[in-house]
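What the coordinates show
Take a look at the letters that make up each chain.
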Protein chains: 2
Amino acid sequence: MSAAKSTMSAAKSSMPSPTIASRIDACRTEMKKGGCSAYLITEHVDTFYMTGFSGEDSAVIVTPRAVHVITDRRFEAAAAKEVPWAKIHMRKGVLTEEIAIVCQKTRITSLAFQADRLTVASLDAIKKGAKGVKFVKAPGIVSQMRCCKDDAEVRLMQKAVKVAQDAFLVMRDSIRTDQTELEMAGLLEFEMRKRGASGPSFPTICAIGPNAANPHARCGNRKVKRGSAILFDWGALLGFYCSDLTRVLFMGRIPPRIGDIYRVVLDAQLAAVDAVKPGVRVCDVDDVARDLIAKAGYGDYFSHGLGHGLGLEVHEGPSVSWRSREELRPGMVITIEPGVYLDGVGGVRIEDDCLVTQRGCRVLSNLPKGISEAVL
Amino acid sequence: MSAAKSTMSAAKSSMPSPTIASRIDACRTEMKKGGCSAYLITEHVDTFYMTGFSGEDSAVIVTPRAVHVITDRRFEAAAAKEVPWAKIHMRKGVLTEEIAIVCQKTRITSLAFQADRLTVASLDAIKKGAKGVKFVKAPGIVSQMRCCKDDAEVRLMQKAVKVAQDAFLVMRDSIRTDQTELEMAGLLEFEMRKRGASGPSFPTICAIGPNAANPHARCGNRKVKRGSAILFDWGALLGFYCSDLTRVLFMGRIPPRIGDIYRVVLDAQLAAVDAVKPGVRVCDVDDVARDLIAKAGYGDYFSHGLGHGLGLEVHEGPSVSWRSREELRPGMVITIEPGVYLDGVGGVRIEDDCLVTQRGCRVLSNLPKGISEAVL
């Protein structure tokens, strides 16, 4: 189908769903505030969020009266199905050229763009073709909107959590001595797939013993032994939304030092989850966990922020660390995941996914985390 | 460990491996040509390629006399082990701030950067802190170097191909009617993991019947039936390197139309693989496949390029399409994957990974692809 034909088909289109329509409205309000006549979205999760169009390598331009979707023939059928109400442009050349062409054709005079997503080279390429257009940096419009989830998004995230949990319980039952980190991670991902996940939301971490002293451990051929502590950090991607959980299990018995830090981390995690409420500053929640860990003497061994926002991406807004003074708002979904890491010994991190509600917090995940329940 | 201590430790460091040393040399030669006193690398696969350091969210600055690695405490142990010869900077703030600090401390006057990788916002943030530094766009230095693989890289890629193939053969034997796309894709990824893959090199595609008419199909709950054509596009990530293969299987019998296009695509694929030699232009290889498909009447249904470069990333240089006049060189690894897609009916794509050698081409993959061998 040619670009012309596609654009014609928009005339007889239906309307976007109420959710998508309200996102587009919110985007237009922000555009107006910034004095821009158009907003260019180039990041895949953001083009999906704003339009419901699932195609990759595509762009969206929101103008006061239209929404342009710029894609290629691989996603022709998806575009016809998902965004029949949009003006669809099928590019033949590279994406940046087609963006410039759409700017010229639709007489855009000022274009806001995602400065935190677009590369310097892509911006140059668009500018080259779009003469006379004023470019305005607008990094945060969509990522700000994405911070607070609506009910449909929360339902998908709850499903992504459930699939991750159900898969974990099955995998947990099959852990035996001599299994490798790669085997356990593989089985966990397989069980998530079987339950409808389109994949893991990030590469699964399974780390035995000292390997868990690295918060970003990679799986290898280390084997489970009696007395092993095994850290799992995993999540499911389902309906485009992520879950993200961490648990530590013990094979047969609890190594005393790891047991000590487990209790400290669990206390800190429970206290931080309790502190999650609308109106509370993120840094104050981080403080709750960090203070408890410092009081127990492990302050130097909690080497990362308390958590992060979660949604279409496994790391998104709001930022959840000691640096952020942002206040929590209803609809935000954040991870709470304090950890303590002892080089050469091991590490403990416990992570749950929390929805900020009108009055407090609803923890989406409910896998057991008491230390005695962690013994296999 | 503080930044100061880390930097000190570089004094008593060993040297980089000969491979890494020669990459750094090549980078310095390019820097000199461009008249730059330093080169900033911000893309993870590129920082890994240039130094062997595996940490994410990190940056590398190559100067004429030193290599600076800017990372954070999560990767402290990895940095000490992997790049003891480099000047290691442990950042406490955000990465862009620390890059600016290193520029100031080391008195860099002109800094080349990866314009095709760095976002507009990140460049702004670095510029803010690095007063007086001249910034020079240098998009392709590392990606150009990465196009041609050395023997060690080829060995890793051969392993990544073998793991993908072995896993496929096991999964293939277990295909039964009523299995879903998600189950088959999950099993394939699980079997790759069991064989040492750190994961799939991209989300596995398993597409039954009409779903395969979309070259970027997503797995769902469609079930295998007698007479189903099933397209698999998958690869393993192993030792940081990717493989990428596509095969179509038939459950019990071959649907006539899909059988027709299978023969056309296979002819085109074999002919294109035969055309891969050093000195041949990429567009001419693309032509070989495209002409055969067009002559069979399916020219409009081969809607993507012939393939792509493969290595640390699943899509990298060289570009393999009708648009590229670049000549093939020994050491390049490319996919050859023509396809024909019929809306509502299905699709066939056949893909192998090919190493350009001194005289021709070595196909790294050797899974059967004759049509009769594709019947389960």
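The text that follows walks through the structure, step by step, so that each part is easy to find. (Residues numbered from 1 in each chain as written. Chains lettered and ligands numbered in written order. Predicted model: local features only at pLDDT ≥ 70, side-chain atom pairs only at ≥ 80, totals over all residues. Heavy atoms only, no water.)

1. Description of the packing of aromatic side chains
- Tallied over the entire structure, the rule returns 13 aromatic pairs over all chains.
- Measuring from centroid to centroid gives 4.2 Å for Phe48 of chain B and Phe240 of chain B, while their planes differ by 35 degrees, and the two rings are tilted. Placement of the pair is Phe48 of chain B in helix α3 (residues 44-51) and Phe240 of chain B in the loop between β10 (236-238) and β11 (241-242), with a sequence separation of 192 residues.
- For Phe240 of chain B, a relative accessible area of 29% translates into the label partly exposed.
- Joined through ring pairs, the aromatic side chains of Phe168, Phe232 and Trp234 of chain A make up one cluster.
- Sitting above the plane of the Tyr49 of chain A ring, Arg23 of chain A keeps its charged end 3.8 Å from the centroid.
- The ring centre of Phe302 of chain B lies 3.9 Å from the NZ or CZ of Arg290 of chain B, which sits over that ring. (Phe/Tyr/Trp six-rings, centres within 6.5 Å; stacked < 30°, edge-to-face > 60°. Helix = DSSP H or I, 4+ residues; strand = E, 2+ residues; numbered from the N terminus. Buried < 20%, exposed > 50% of the residue type's maximum accessible area, 1.4 Å probe, protein only. Lys NZ or Arg CZ within 6 Å of the ring centre and 35° of its normal.)

2. Quick word on the interface of chain A and chain B
- Each partner contributes residues to the interface: chain A has 41 residues there, and chain B has 41 residues.
- Carbon and sulfur atoms make up 55% of the surface buried where chain A meets chain B, a total of about 3400 Å² over both sides.
- Area buried by chain A at its contact with chain B is led by Arg74, Val120 and Arg193 of chain A, which between them contribute 21% of it.
- A salt bridge links Lys137 of chain A to Asp124 of chain B, with the shortest nitrogen-to-oxygen separation between them at 2.7 Å.
- Counting across the interface, chain A meets chain B through 20 residue pairs in polar contact (both at pLDDT 80 or more).
- When residues of the side of chain A that touches chain B are traced back to their parent elements, those giving at least two are α6 (120-129) and α9 (181-194) of chain A.
- Considering each element in turn, the side of chain A that touches chain B owes the most residues, nine residues, to α9 of chain A. (Contact = heavy atoms within 4.5 Å. Buried area = accessible area lost by both parts, 1.4 Å probe. Salt bridge = Lys/Arg side-chain N within 4 Å of Asp/Glu carboxyl O. Polar contact = N/O pair within 3.5 Å; in protein donor to acceptor, adjacent residues only side chain to side chain.)

3. Some thoughts on the sheet that holds strand β7 (residues 199-200) of chain B
Residue and element names in this part refer to chain B.
- Spatially, the three strands line up as an open sheet ordered β7-β10-β11, and their pairing is antiparallel. In the strand order of this sheet, the two ends are held by β7 and β11, each with one partner.
- Bridge count for β7 against β10 is two bridges, and the pairing is antiparallel. Paired with Pro200 across the two strands is Ala236, which belongs to β10.
- Helix α8 (residues 151-173) contacts β10 and β11 of the sheet and is inclined by roughly 140 degrees relative to β10. (Pairing = 2+ DSSP bridges. Axes fitted to C-alpha atoms, helices over the stretch in contact; angles between N-to-C directions.)

4. Some remarks on the relation of the copies chain A and chain B
- When chain A is fitted to chain B, the best match, at an RMSD of 0.0 Å, comes from turning it 180 degrees and sliding it 0.0 Å along the axis. Both copies of the chain, as the preceding transformation shows, are related through a two-fold rotation axis. Among all residues of chain A, the one whose C-alpha sits closest to the rotation axis is Thr119 of chain A, at a distance of 2.0 Å. (Least-squares fit on C-alpha atoms with pLDDT ≥ 70 in both.)

5. Remarks on the pattern of salt bridges
All names here are of chain B.
- Within the structure shown, the criterion is met by 58 salt bridges over all chains.
- Across the salt bridge formed by Arg146 and Glu313, the nearest N and O atoms sit 2.9 Å from each other. Placement of Arg146 in helix α7 (residues 141-147) and of Glu313 in the loop between β13 (307-309) and β14 (316-320) is noted, with a sequence separation of 167 residues between them.
- Judged by relative accessible area, which is 2%, Arg146 ranks as buried.

6. A look at the nonpolar core
- With 56 residues, the main nonpolar core has Phe232 of chain A together with Phe232 of chain B as its most contacted residues.
- In this structure, Phe232 of chain B is in contact with Phe168, Met171, Ile175, Met184, Leu188, Ile205, Cys206, Leu245, Thr246, Arg247 and Leu249 of chain B, ignoring residues within four places of it in sequence. (Core = buried A, V, L, I, M, F, W, Y, C linked by side-chain atoms within 4.5 Å.)

7. Quick look at α8 of chain B
Residue and element names in this part refer to chain B.
- Relative to the 33 Å expected for 23 residues at 1.5 Å per residue, α8 spans 33 Å between its end C-alpha atoms, a close match to the ideal helical length.
- Restricting attention to buried positions, one finds in α8 the residues Glu153, Val154, Met157, Ala160, Val161, Val163, Ala164, Gln165, Ala167, Phe168 and Met171.
- The N-cap of α8, judged by a side-chain oxygen 3.1 Å from the amide nitrogen of Ala152 a few residues on, is Asp150. (Expected span 1.5 Å × (residues − 1).)

8. Side note on the packing of helix α10 (residues 256-275) of chain B against helix α11 (residues 282-295) of chain B
Residue and element names in this part refer to chain B.
- Between α10 and α11, whose axes approach to 8 Å, the crossing angle comes to 160 degrees. The orientation of α10 with respect to α11, classified from their angle, is roughly antiparallel. As α10 runs across α11, the sense of the crossing is right-handed. Residue-level inspection shows Val264, Asp267, Ala268, Ala271, Ala272 and Ala275 of α10 in contact with α11, the latter providing Val285, Val288, Ala289, Leu292 and Ile293.
- Residues that form the contact of α10 with α11 fall into these classes: ten nonpolar, no polar and one charged. (Parallel < 35°, antiparallel > 145°, perpendicular 65-115°, else oblique. Left-handed = near helix turned anticlockwise from the far one by under 90°. Nonpolar A, V, L, I, M, F, W, Y, C, P; charged D, E, K, R; others polar.)

9. Some remarks on the sheet that holds strand β8 (residues 205-208) of chain A
Residue and element names in this part refer to chain A.
- Reading across the sheet, the three strands line up as β8-β9-β12 and stay open at both edges, with antiparallel pairing between neighbours. Two strands in the sheet have a free side with no partner beyond their single neighbour: β8 and β12 (245-250). Here the average twist between neighbouring strands, direction ignored, is 15 degrees.
- The sheet contact formed by β8 and strand β9 (residues 229-234) spans four bridges and is antiparallel. Residue pairing across strands places Cys206 opposite Phe232, the latter belonging to β9.

Keep in mind these values describe shape, not function.
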